[in-house]
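Spelled out, the chains give:
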4 protein chains.
Amino acid sequence: MLHFENDYNEGAHPELLKALIETNDENLAGYGMDSYTQRAADKIRETCGCPQAQIQFVTGGTQTNQLVINSLLKSYEGVIAAETGHVATHEAGAIEFSGHKVLTLPHDAGKLKADDVAQYLADFYADGNHEHMVFPGMVYISHPTEYGTLYNHEELAALVKVCRSYDIPLFMDGARLGYALGSSSSDLSLETIAELCDVFYIGGTKLGALAGEAIVFTKNNMPKHFTAIVKQHGALVAKGRIFGVQFDRFFTDNLYEKIGREAVGYAEQLKTILKEKGYRFYLESPTNQQFLIVANDKLTELGQSVVYSFWEKYDENHTVIRLATSWSTTQADIDAIAQVL
Amino acid sequence: MLHFENDYNEGAHPELLKALIETNDENLAGYGMDSYTQRAADKIRETCGCPQAQIQFVTGGTQTNQLVINSLLKSYEGVIAAETGHVATHEAGAIEFSGHKVLTLPHDAGKLKADDVAQYLADFYADGNHEHMVFPGMVYISHPTEYGTLYNHEELAALVKVCRSYDIPLFMDGARLGYALGSSSSDLSLETIAELCDVFYIGGTKLGALAGEAIVFTKNNMPKHFTAIVKQHGALVAKGRIFGVQFDRFFTDNLYEKIGREAVGYAEQLKTILKEKGYRFYLESPTNQQFLIVANDKLTELGQSVVYSFWEKYDENHTVIRLATSWSTTQADIDAIAQVL
Amino acid sequence: MLHFENDYNEGAHPELLKALIETNDENLAGYGMDSYTQRAADKIRETCGCPQAQIQFVTGGTQTNQLVINSLLKSYEGVIAAETGHVATHEAGAIEFSGHKVLTLPHDAGKLKADDVAQYLADFYADGNHEHMVFPGMVYISHPTEYGTLYNHEELAALVKVCRSYDIPLFMDGARLGYALGSSSSDLSLETIAELCDVFYIGGTKLGALAGEAIVFTKNNMPKHFTAIVKQHGALVAKGRIFGVQFDRFFTDNLYEKIGREAVGYAEQLKTILKEKGYRFYLESPTNQQFLIVANDKLTELGQSVVYSFWEKYDENHTVIRLATSWSTTQADIDAIAQVL
Amino acid sequence: MLHFENDYNEGAHPELLKALIETNDENLAGYGMDSYTQRAADKIRETCGCPQAQIQFVTGGTQTNQLVINSLLKSYEGVIAAETGHVATHEAGAIEFSGHKVLTLPHDAGKLKADDVAQYLADFYADGNHEHMVFPGMVYISHPTEYGTLYNHEELAALVKVCRSYDIPLFMDGARLGYALGSSSSDLSLETIAELCDVFYIGGTKLGALAGEAIVFTKNNMPKHFTAIVKQHGALVAKGRIFGVQFDRFFTDNLYEKIGREAVGYAEQLKTILKEKGYRFYLESPTNQQFLIVANDKLTELGQSVVYSFWEKYDENHTVIRLATSWSTTQADIDAIAQVL
């Protein structure tokens, strides 16, 4: 079977695994106090051109979103997100579980529009009775979005402008950030992202880490005693080294971006093949996730040789599916899928 | 000024105040263990024709909604509500604060449609990946709705049927229940409501109580140790007698329904007057709240003699306003407003 | 039966009831925006000699404690309290329910000792590993305590000094504050309390209000958007006037303190009688609550004419009971109990 | 330096690392749906002699405790623990953060005594007013305890008897369970533990896993939709395989117990050496953690060659320190420390 269903079904990228093996016997302090974690943070600060960045590594994406949102918001605040945002749809209510409403707005191919956010905020403060409503306290975006799409510099800057004018932070969920950085369509670098966003995270799991995400607070805005907050959420890991060692390697010789670029390169090849074969795209994605509209009667046949993800029903006779390349995709995989499509 | 802005701007209905005065010097057990509270509960059980009903009195509506929803839902469940439902819009996120997502569906003049709920539930369980989503664990409706509209017996029964088939409770927010019971358009009595709903509350504050709402669990489904839960929410009142005495009076000689009927009678008179004067109704409401579309340039003039509620912007030149009669409205008020409209 | 079991078993003090009756028909804004609430707040500010005080009225004591503690603490902080403190023992876990640990210290007749608090704080910060522990973020005291005892000025100032040196607020639970102010043993006035405490509340329910407590933030430290926080806790009351009207009356002609003084005067008479009759006191209380050690075989007899509160087991053969005078105690009650003791 | 400060400062046990390497390139389903996770669960069920056991793997110990306690307790319940229990002291308030009070009892060398628990429960239900208190809803023990001590079969059975008579579950925190199973002093096997406890966890991290703990519900009592609950806590890991692969290996050829036995063997050697050298033990521990009372002026010298953990101040001139062997301790380490002590 050819695996294109997602980007987290294999273990670790060989280089990360190698780093874990090489450091395995070293005696290192626990709970993220080890030298690799410190070094990884230093390298991220350097790559982001953001010397004041404060960094915390945790295990997974939902955990990250819950931690960031819950620790930055006041109790009476909610977070604005696209109705397709991961926090709004696929986190089993983790944001509400920690006390906050997700205030959803319509999406444009997975993206929030600055104008919509500005309108929402203006309307909110226009209503005199807003003490009975949930205050919008943060804007959450994912980049790439859940549909693989990307914000460009202008769009991100427009969102930032709105956020700044209401003095609320902009939080970027970068579960697949490497696939954005590695896309030739992207005009956003880690430096720009660090400059524009108040907080974002650099996703490790979907880029080849066994586990691990790096939360980056860019404006000297990490909540006080954040370690205690992380502990309190059950998110502080004894062997924090596993994140330190992997992110130290990710940010050596530009590996993180390289992984992303390679996978997006394979996705581009896949797009070309799919277009040649006459497949219909649900939307245009410049990253590793591709969304297709496939007739239901073709799905069974496709499923015999390719593992894909069901995304959503398109109409009575068609389905939207996702094909994803990843850090573990090879040229052989692409050549093979070209044969069977 | 003529006050038609809402139904909670005067103190207590004279009969309730009288009861409070008459019982003021009695020594009565605290925390709802007094004889008036017991008697009020008995009378409610009798009026509802529901001998097994379990009743708890608390101070206000948002508190009630938070208590009922939080104590009946599992942590991973959310509550389905119309997008205009009070829990979704005007409770400062009290439901999310207690850990639960409000799952909103489109409304039909403030009402949830059974078909929409059925479709939502079917879609939810059709998606194999729903362990990553918020489980729909309850259906919340308000009756009258936030737009003064009413469910009829058929509509309520249809909702109940959907709920039963998924084994989730139906909760009716009756903050203004008396104005539903007192409406000649209504084919739902307290008996039918108790039979159909799993839990509902009988609103006191907006029907003339100083404060107080009666939560009624109809299916022997009051959560175990509910008193401790109420205490834990900060909602257990030392002098629970104030609810007991008022509800005992509400349910003596049918006062509760009488109050509602009288206020809706005045609302009907008001509707006739408004229609004669050519006012444009936003929707047809059979209860004490009336919603009008008024040209913005007429609003200032109207505001000189009548206090109304701003509801929402209708378009650039028009506004939706609410005029409400209440337990304290008199024939003189209606005659006076007829003059100035 | 003679009622000495507590101070909340009758309705409202006649003067408060009168004020409620007199204002009943006035049309007043909801949610505490009415003129009586504003006036009550003004009078409290004046009595406290604290023009910057910010005041919020809510229904009951546990609600108050939960609101104040939850809104002032950071998520990783707990509240220091005596092991006998109300928040530690009789609030059904309301503090933990809202996410915070109660950090208990030994008590001295219900009081926290400044030295113990200082030692606890010093030890906490001496341990390098405190990011894995609950940060002490506030000190909670009750005045009078659960045992009727009082802090004197020196003791309170010592606590304040410790709090200031660690930059954490001191919160005084004044559920029975009037009985402290009315005690001849007390050298603390509302002015001193407002000067020393960062936040405290003036209990209404146990001093003769139907319901109502006044939270006073003295250092311009009311959390931002506190109304929304109160709403979110289900604690915002539509007819906020009931608190405004009663507290306006409490703070007219010094009624609040007068009520306390009278009740404590009766308690002093009761103490004299009890001493004459040879009763054994559990501790020396200068306020309205008196604690006695009574042989179990005498209890039944006493119970035939006097209603008292069981407090705790003293030893196999003795029980600690509480006799409380209150705003509703009369000279006739005292004369009568003198006969039966 | 000789490292005896704890049991989590090196990476993974060589056999576990090998298993991770060997399976790294396999395409496996995410979120714990992979074959290794299923197989690991099967092997645990078999080793426990508990075919109905329900198993969930998560990342760390505090996370586990929070998940188990929060999902099994009702909102109004707290968990009974020794005052030295990890949940009471070193989890940054994670239990309270999720809404529950830790009800502490005195400890006996880290252990809870069945009699104390029985007395606490009897007293609780003897007080008629317990609706205002926190209901004891679970008993938490750690085995080995935070002091390295062990419950024997009789003690555990006595606790179970108390729990059963009040119908509350017994939860065993097995962060270091392997070191209990591997102790020659222990008369408790995984089979007995599974039979007696309602839920327990098998600690991986401190026994040589990179990360991972196995929660075992033994009485068909895993909360419904537990996956959603885990997700909601931010505790569901995309590459659940990392736990599956490691626990599959732990429970092949009895590796888990073997690791424990070897480490405890080294601890026994260390004890003999320490006794010979005249060191004073704080208490008698039959597992991998040893607690010594050392004169402060000796500590600096010791610290020059051995890394130990500060535990607590003993008196003005002495300190309690911990020396721990672990899965990574070697005979060479023991020989070396014998030289320097």
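Since the structure is predicted, the reported quantities are computational estimates derived from the model, not experimental observations.

Q: Any chance you could explain the overall build of chain A here in plain terms?
A: When its secondary structure is counted, chain A shows 14 helices and 13 strands. The principal-axis extent of the C-alpha atoms belonging to chain A is close to 55 × 55 × 35 Å. Per-residue burial for chain A yields a buried fraction of 64% across its 341 residues. A sequence separation of at least 24 residues applies to 72% of the contacts in chain A between residues at least 6 apart. In chain A, the 27 positive side-chain charges and the 44 negative ones have mean positions that sit 3 Å from each other.

Q: What should I look at first to understand the relation of the copies chain B and chain A in this one?
A: Structural alignment of chain B on chain A gives an RMSD of 0.0 Å, achieved by rotating through 180° and translating 0.0 Å along the axis. The relationship between the two copies is best expressed as a two-fold rotation axis. Most of the interface of chain B is mirrored in chain A, where 100% of its interface residues are also at the interface.

Q: Even after reading the chapter, I still don't get the pairing of strand 13 (residues 318–324) of chain C, so can you show me in this structure?
A: Remember that side chains alternate between the two faces of the sheet whenever the strand is regular. All names here are of chain C. A large share of strand 13 lies buried, amounting to six of its seven residues. Relative to strand 13, strand 12 (residues 309–315) runs antiparallel, the two sharing five bridges. Note on strand 13: the bridge partner recorded for F310 is I321. The hairpin turn running from strand 12 into strand 13, its antiparallel successor, is two residues long.

Q: Is there a simple way to think about the relation of the copies chain D and chain A in this case?
A: Superposition of the two copies of the chain requires a rotation about an axis together with a shift along that axis. The transformation that overlays chain D on chain A combines an axial shift of 0.0 Å with a rotation of 180°, and the residual RMSD is 0.0 Å. Here 100% of the contact residues of chain D are again contact residues in chain A; the copies associate through an equivalent surface.

Q: Please clarify how the domain arrangement of chain A should be interpreted in this entry.
A: Reports of interface size often rely on the accessible area that becomes lost once the parts have come together. Residues and elements named next belong to chain A. In terms of domain boundaries, chain A breaks down into domain 1 (2–7 + 256–340) and domain 2 (14–254). A C-alpha centroid distance of 27 Å is found between domain 1 and domain 2. Listed per partner, the contact involves 23 residues of domain 1 and 28 residues of domain 2. For the pair domain 1 and domain 2, the summed buried area comes to about 2100 Å², and 58% of that belongs to carbon and sulfur atoms. Linking domain 1 with domain 2 are one salt bridge. One can count 13 residue pairs in polar contact (both at pLDDT 80 or more) joining domain 1 with domain 2.

Q: I keep staring at the sheet that holds strand 4 (residues 102–105) of chain D and nothing clicks. Help me out?
A: Strand pairing within a sheet occurs via backbone hydrogen bonds; the two strands may be parallel or antiparallel. All names here are of chain D. Strands sit in the order 2-8-7-6-5-3-4 across an open sheet of seven strands; the sheet is mixed. The open sheet terminates on both sides in strands that have one partner only, identified here as strand 2 (54–58) and strand 4. Taken pair by pair, the neighbouring strands of this sheet meet at an average axis angle of 25°, ignoring direction. Helix-sheet contacts for helix 2 (residues 35–47) involve strand 2, strand 7 (199–203) and strand 8 (213–217), and the interaxial angle to strand 2 is about 125°. Strand contacts of helix 6 (residues 114–126): strand 3 (77–82), strand 4 and strand 5 (135–142), with the helix running at about 170° to strand 5, the strand carrying the most contacts.

Q: I would appreciate a short explanation of helix 1 (residues 14–23) of chain C in the present structure.
A: Note that an α-helix has 3.6 residues per turn; residues three or four places apart therefore point the same way. Those residues of helix 1 of chain C that fall on the buried side of the exposure criterion are L16, L17, A19, L20 and T23 of chain C. Axial view of helix 1 of chain C: buried residues confined to an arc of 160°, hence all on one face. Turned more than 90 degrees away from the buried face of helix 1 of chain C sit P14 and E22 of chain C, all of them exposed. Buried residues belonging to helix 1 of chain C abut helix 1 (14–23) of chain B together with helix 2 (35–48), helix 11 (241–250) and helix 12 (255–276) of chain C.

Q: I would appreciate a short explanation of the interface of chain D and chain A in the present structure.
A: Contact with chain D, which involves 45 residues of that partner, is made by 45 residues of chain A. Taking both partners together, chain D and chain A bury about 3700 Å²; carbon and sulfur atoms supply 55% of that area. At four residues, helix 3 (residues 61–72) of chain D tops the list of elements feeding residues into the side of chain D that touches chain A. Taken together, the residues of the side of chain D that touches chain A break down into 18 nonpolar, 19 polar and eight charged.

Q: Quick question: what am I supposed to make of the UniProt feature "domain: Aromatic amino acid beta-eliminating lyase/threonine aldolase" (unreviewed entry) in chain A here?
A: Per the UniProt record, "domain: Aromatic amino acid beta-eliminating lyase/threonine aldolase" (unreviewed entry) is annotated on residues 29–246 of chain A. Along residues 29–246 of chain A one finds 39% helix and 17% strand; the C-alpha atoms at either end are 16 Å apart.

Rules used in this analysis
Residues numbered from 1 in each chain as written. Chains lettered and ligands numbered in written order. Predicted model: local features only at pLDDT ≥ 70, side-chain atom pairs only at ≥ 80, totals over all residues. Heavy atoms only, no water. Helix = DSSP H or I, 4+ residues; strand = E, 2+ residues; numbered from the N terminus. Buried < 20%, exposed > 50% of the residue type's maximum accessible area, 1.4 Å probe, protein only. Contact = heavy atoms within 4.5 Å. Lys, Arg positive; Asp, Glu negative; His and termini not counted. Charge placed at Lys NZ, Arg CZ, Asp CG, Glu CD. Least-squares fit on C-alpha atoms with pLDDT ≥ 70 in both. Pairing = 2+ DSSP bridges. Domains from an automatic or database assignment. Buried area = accessible area lost by both parts, 1.4 Å probe. Salt bridge = Lys/Arg side-chain N within 4 Å of Asp/Glu carboxyl O. Polar contact = N/O pair within 3.5 Å; in protein donor to acceptor, adjacent residues only side chain to side chain. Axes fitted to C-alpha atoms, helices over the stretch in contact; angles between N-to-C directions. Arc of directions from axis to C-beta. Nonpolar A, V, L, I, M, F, W, Y, C, P; charged D, E, K, R; others polar. UniProt positions renumbered as here; feature names shortened; annotations may be inferred.

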